[in-house]
Amino acid sequence: EGWTPMRRGERSMVQRADFRSYYGRPILKQPTWEARDIAGYLFLGGLAGASSTLAAGAHLTSRPGFARASKLGALGAISLSTAALVHDLGRPARFANMLRVFKPTSPMSVGSWLLAAYAPAAGVAATSAVSGRMRNVGSAATIGAGLLGPAVASYTAVLVANTAVPAWHAGHRELPFVFAGSAACAAAGLALLASPAEEVGPAQRVAVAATIVEQVAFKRLKDNAGEVAETFEQGHAGKLLDVANGLSMVGAAGALFARRSRIAGAISGACLLASSACTRFGIFAAGRASVADPKYVVKAQH
């Protein structure tokens, strides 16, 4: 019973629909996930996956400092990401239980197996880089982690979009591109921070390209999301995403000067890392806001 278009001079006898629930209470249960755990898991997993892919590229193009920094960053990020996930689950056994079966139709099941394959490869790659031993095994692990990296960086977008949370589900087509671009920005930022200035050329290019991908994908997400796009622009989520946008612009611009100035590279890298974190926390906050207001749930079904 929406608003029926009328010809000139006619009056509608049907009131405009008022999208509310009983007593204005939320229709969907608010996600019980803690922002620190799950938004942190989304950010760190993206950083890890994209860093492994950049590490593989640096390894193949003989940039040892770049490769080492990215391998260590990937191992640290995936370790913290897994710890955040386990903390949210409550006990480690629950993660192990997810590996009892493989269900291709479940993003959580696929993601669990993906992490189980990726994390050891990232660990071997980083250990070999630090110790200088098992170089052939380390090279194979580096390439393996690099190949799995894009899936690790973006599967979480599929995971959250597969829920009933309006803001996340509305962006199910664009969200993987937003997450992939954000992850690549973070990985490029880490490389700009921790790599020798003479080796950061690829990180500069990735920083600029990833920023463009993320910005375009996020704009398309909001354009196609309908009224629920408001949740990305208002309140706590809107503030975080505005900060993320500003930081990514500064980071991408600063990346252009990273080979000339170590300070510019460090500032650029820090901005890109912070931007990626703000993006994940902002998207998480937008999802919670969309659940809290019944109109976003009701209108999605109208």
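Cut-offs applied
- Residues numbered from 1 in each chain as written.
- Predicted model: local features only at pLDDT ≥ 70, side-chain atom pairs only at ≥ 80, totals over all residues.
- Heavy atoms only, no water.
- Helix = DSSP H or I, 4+ residues; strand = E, 2+ residues; numbered from the N terminus.
- Buried < 20%, exposed > 50% of the residue type's maximum accessible area, 1.4 Å probe, protein only.
- Contact = heavy atoms within 4.5 Å.
- Areas by Shrake-Rupley, 256 points an atom, 1.4 Å probe, with all protein chains shown as cover.
- Core = buried A, V, L, I, M, F, W, Y, C linked by side-chain atoms within 4.5 Å.
- Salt bridge = Lys/Arg side-chain N within 4 Å of Asp/Glu carboxyl O.
- pLDDT = per-residue confidence, 0-100.
- Axes fitted to C-alpha atoms, helices over the stretch in contact; angles between N-to-C directions.
- Parallel < 35°, antiparallel > 145°, perpendicular 65-115°, else oblique.
- Left-handed = near helix turned anticlockwise from the far one by under 90°.
- Nonpolar A, V, L, I, M, F, W, Y, C, P; charged D, E, K, R; others polar.
- Phe/Tyr/Trp six-rings, centres within 6.5 Å; stacked < 30°, edge-to-face > 60°.
- Lys NZ or Arg CZ within 6 Å of the ring centre and 35° of its normal.

A word on the overall build of the protein. When helices and strands are tallied, the protein shows eleven helices and zero strands. Helices and strands appear in the protein in the N-to-C order α-α-α-α-α-α-α-α-α-α-α. When the 302 residues of the protein are sorted by exposure, 48% land in the buried category. Contacts in the protein between residues far apart in sequence, at least 24 positions, make up 75% of those at least 6 positions apart. Here the protein has roughly 15,300 Å² of accessible surface; of this, 61% comes from carbon and sulfur atoms.

Okay, the nonpolar core next. Formed by 49 residues in total, the largest nonpolar core has its most connected members in Tyr41, Tyr118, Leu175, Val178, Phe232 and Ile283. Once residues within four sequence positions are removed from consideration, Ile283 is found in contact with Trp168, Leu175, Val178, Phe179, Phe218, Phe232 and Leu241. Core analysis: the next-biggest nonpolar cluster, separate from the first, contains 20 residues, Ala153, Ala188, Ala207 and Leu272 among them.

Counted by the stated rule, this structure contains two salt bridges. With a closest N to O distance of 3.0 Å, Lys219 and Asp223 form a salt bridge. Placement of the pair is Lys219 and Asp223 together in helix H8 (residues 201-224), with a separation of four residues, close to one helical turn. On the basis of relative accessible area, Lys219 is assigned to the exposed category, the value being 51%. Residue Asp223 is classed as exposed on the basis of its relative accessible area of 52%. Between Lys222 and Glu233 there is a salt bridge; the shortest N-O distance is 3.9 Å. A residue pair is termed long-range when its members are at least 10 positions apart, and Lys222 in helix H8 and Glu233 in the loop between H8 and helix H9 (235-255) qualify at eleven residues.

For the protein, mean pLDDT is 84; residues scoring 70 or higher make up 79% of the total. Of the regions scoring below 50 in pLDDT, residues 14-19 engages in eleven contacts with residues more than four places distant in sequence or in other chains.

Now for the environment of Ala188. Here Ala188 shows up in helix H7 (residues 175-194). Sequence spacing of Ala188 and Ser70 is 118 residues, and the spatial spacing of their C-alpha atoms is 9.0 Å. Among all residues touching Ala188, those that are not within four sequence positions of it are Leu54, Ala203, Val206 and Ala207.

What follows covers the packing of H7 against H8. Packed helices, taken two at a time, are described by their axes: the angle between them and the distance between them. In contact at an axis separation of 8 Å, H7 and H8 are set at 155° when each is read in the N-to-C sense. Between H7 and H8, the angle falls in the class roughly antiparallel. The way H7 lies across H8 gives a crossing that is left-handed. In this structure, H7 contributes Leu175, Phe177, Val178, Gly181, Ser182, Ala184, Cys185, Ala188, Ala191 and Leu192 to the contact, and H8 contributes Ala203, Gln204, Val206, Ala207, Ala210, Thr211, Val213, Glu214, Ala217, Phe218 and Leu221. Of the residues that constitute the contact of H7 with H8, the class distribution is 16 nonpolar, four polar and one charged.

Turning next to the environment of Ala210. You can see Ala210 is positioned in helix H8. For Ala210, a relative accessible area of 6% gives the class buried. Expressed as a C-alpha distance, the spacing of Ala210 and Ser248, which sit 38 residues apart in the sequence, is 9.6 Å. The residues contacting Ala210, other than those within four sequence positions of it, are Gly181, Ala184 and Cys185.

Evaluation of the coordinates by the stated rule reveals two aromatic pairs. Where Trp168 meets Phe284, the ring centres are 6.0 Å apart and the plane angle is 35°; that geometry is what we call tilted. Taken together, the residues span a long stretch of sequence, with Trp168 in helix H6 (residues 166-170) and Phe284 in helix H10 (residues 262-292) at a distance of 116 residues. Each member of the pair, Trp168 as well as Phe284, carries the same accessibility label: buried. Residue placement shows Arg280 over the ring face of Phe179; its charged tip is 4.2 Å from the ring centre.

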